[in-house]
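# Coordinates in review
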Amino acid sequence: MRDWQTELGLEPHGEGGHFRRIYTAPGQIATPHGPRAAASSIYYLLDERQPRGLLHRNRSDILHFLIDGGPLEYVTVDREGTLSRTLLGPDDERFLLVPGGWWKASRLVGPARLGLVAEVVTPGFDYADHEFATAAVLDAFPGLSDVLEEFVRR
C-alpha cells in the first residue's frame, strides 16, 4: 500500500484525514461574499488512523474524484433535509458532486484501508465559506441525528 500522506506531502485536516491544496486559479470572480478564486483543488486522504471526515458544509460546489482505495461513504444532507449516501470505490461511483450549502461527511467503509480523493471547489475554497456542524444541526434534522451524530465534533 502506498504511503500517500508522505508521497503527496499531506497535512492534518481540521475535519479529519489529511490534505494539501494543489491548485488555486489565478483569476478571481465576484461572489455575494466577496471575491474568490475561480476554482481550487486539494488532495484529501482518509486512512486507518483518520477514517472519518466531520460533517460540514461549504458555500461552493465541490466535485470529488476517487484516485485510490475506497470504498468511502459520503453522507450528504441537502437544503431540504434529505439524506443521501454515496459510495466512492473501485466497484462503485468514482465521482460525486456536493452542491454548495449541502452538509457532507465521509468515512472509510468495509475493508477499506484508505481513500484518496481529489476535490475541485468552484468558486475556489475560502475558510470564510466553511462551517462545521454542531449539535444545532442535529436539532435542525432530528430524524437524521442517529446517522449524523458520529460526524459531529463534541
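Up top is the structure.
Presented here is an overview of the structure given in this document. (Residues numbered from 1 in each chain as written. Predicted model: local features only at pLDDT ≥ 70, side-chain atom pairs only at ≥ 80, totals over all residues. Heavy atoms only, no water.)

## With respect to the nonpolar core
Spelled out, the test is: Residues grouped as a nonpolar core are buried Ala, Val, Leu, Ile, Met, Phe, Trp, Tyr and Cys residues, joined through side-chain atoms within 4.5 Å. Accessible area is worked out with a 1.4 Å probe on protein chains only. A residue is then buried under 20% of its type maximum, exposed over 50%, and partly exposed in between. Numbered from the N terminus, helices here are DSSP runs of H or I no shorter than four residues, and strands are runs of E no shorter than two. We call two residues in contact whenever any of their non-hydrogen atoms come within 4.5 Å of each other.
By size, the foremost hydrophobic cluster in this structure holds 14 residues, and its most contacted members are Leu55, Val77, Trp103, Ala133, Val137, Phe141 and Leu148. Elements with a minimum of two residues in this core: strand S8 (72-77), strand S11 (103-108), helix H2 (135-140) and helix H3 (145-148). Filtering out sequence-adjacent residues up to four positions away, Leu55 remains in contact with Trp103, Lys104, Ala105, Phe132, Ala133, Val137, Leu148, Phe151 and Val152. Membership of the second largest hydrophobic core comes to 13 residues, among which are Phe19, Tyr74, Ala112 and Val117.

## Side note on the side chain of Arg36
As a reminder of what qualifies: Think of a polar contact as two N or O atoms within 3.5 Å of one another; within protein, one of them needs to be a possible hydrogen donor and the other a possible acceptor, and neighboring residues in sequence only count if both atoms come from side chains.
Secondary-structure assignment places Arg36 in strand S4 (residues 36-37). Within polar-contact distance, the side chain of Arg36 engages the backbone oxygen of His33 at 3.2 Å.

## Topic: the packing of aromatic side chains
Cut-off, in case you're wondering: Here a Phe, Tyr or Trp ring, Trp counted by its six-membered ring, pairs with any other such ring whose centre lies within 6.5 Å, and the pair is stacked when the planes are under 30 degrees apart, edge-to-face when over 60, and tilted otherwise. The criterion is that NZ of a Lys, or CZ of an Arg, lies within 6 Å of the ring centre and within 35 degrees of the ring normal, and then a charge sits over that ring.
Scanning all chains against the criterion turns up two aromatic pairs. Centroid distance Phe65 to Phe95: 5.2 Å. Interplanar angle 45°. Geometry classified as tilted. Separated by 30 residues along the polypeptide, Phe65 in strand S7 (residues 61-69) and Phe95 in strand S10 (residues 95-98) bring together distant segments of the chain. By relative accessible area, Phe65 is classed as partly exposed at 32%. Residue Phe95 is classed as partly exposed on the basis of its relative accessible area of 39%. Plain terms: the ring middles of Phe125 and Tyr127 are 4.8 Å apart, the flat faces sit at 85° to each other, and that makes the pair edge-to-face. Between the NZ or CZ atom of Arg153 and the centre of the ring of Phe132, over which it lies, the distance is 5.2 Å.

## Examining the layout of surface pockets
Here is the rule we go by: Cavities and pockets are found on a 1 Å grid laid over the protein atoms alone: a cavity is a set of points where a 1.4 Å probe fits but cannot escape, a pocket is an open set with protein on both sides within 12 Å along at least five of seven lines, and a lining residue has an atom within 4 Å of such a point. Grid points are joined across faces, edges and corners, and a volume is the space filled by probe spheres set on the points. Polarity classes work like this: nonpolar for Ala, Val, Leu, Ile, Met, Phe, Trp, Tyr, Cys and Pro, charged for Asp, Glu, Lys and Arg, and polar for all others, with Gly in that last group.
Here the largest pocket is characterised by a volume of approximately 270 Å³. Around the largest pocket, the lining comprises 19 residues; the ones closest to its centre are His13, Glu15, Ile42, Glu119 and Phe125. Those elements that place two or more of their residues in the lining of the largest pocket are strand S2 (18-24), strand S5 (40-47), strand S6 (52-58), strand S12 (114-122) and strand S13 (130-132). Grouping the constituent residues of the lining of the largest pocket by class yields eight nonpolar, seven polar and four charged.

## Overview of the sheet that holds S10
Let me state the cut-off plainly: Being paired, for any two strands, means DSSP has found at least two bridges between them.
The strand order across the open sheet built from six strands is S1-S2-S5-S12-S7-S10, with neighbouring strands paired in antiparallel fashion. The open sheet has two edge strands, strand S1 (11-12) and S10, and neither has a second partner. Pairing of S7 with S10, which is carried by four bridges, proceeds in the antiparallel orientation. When the sheet's bridge partners are listed, Phe65 is paired in S10 with Phe95.

## Side note on the sheet that holds S8
Formally: Axis definition: a line fitted to C-alpha atoms, over the contacting stretch in the case of helices. Angles run 0 to 180 degrees between N-to-C directions.
Taken together, five strands build an open sheet; the order of strands is S9-S8-S11-S6-S13 and the sheet is antiparallel. A strand with exactly one partner marks an edge of an open sheet, and here the two such strands are strand S9 (83-88) and S13. Recorded for the sheet is a direction-independent mean angle of 25° between the axes of neighbouring strands. Inspection of the sheet shows S6 paired to S13 by three bridges, in the antiparallel sense. Paired with Asn58 across the strands is His130, a residue of S13.

## Section: the pattern of salt bridges
For clarity, the threshold we go by: When a carboxyl oxygen of Asp or Glu lies within 4 Å of a side-chain nitrogen of Lys or Arg, that pair is called a salt bridge.
In the structure shown here, the tally under the stated rule is 12 salt bridges. Ionic pairing is found between Arg57 and Glu131, a salt bridge with its closest N-O pair at 2.8 Å. With Arg57 in strand S6 and Glu131 in strand S13, the pair connects residues that are 74 residues apart, well separated along the chain. Among the ionic contacts, a cluster of salt bridges with common partners joins Arg52, Glu73, Arg85, Arg107 and Glu150.

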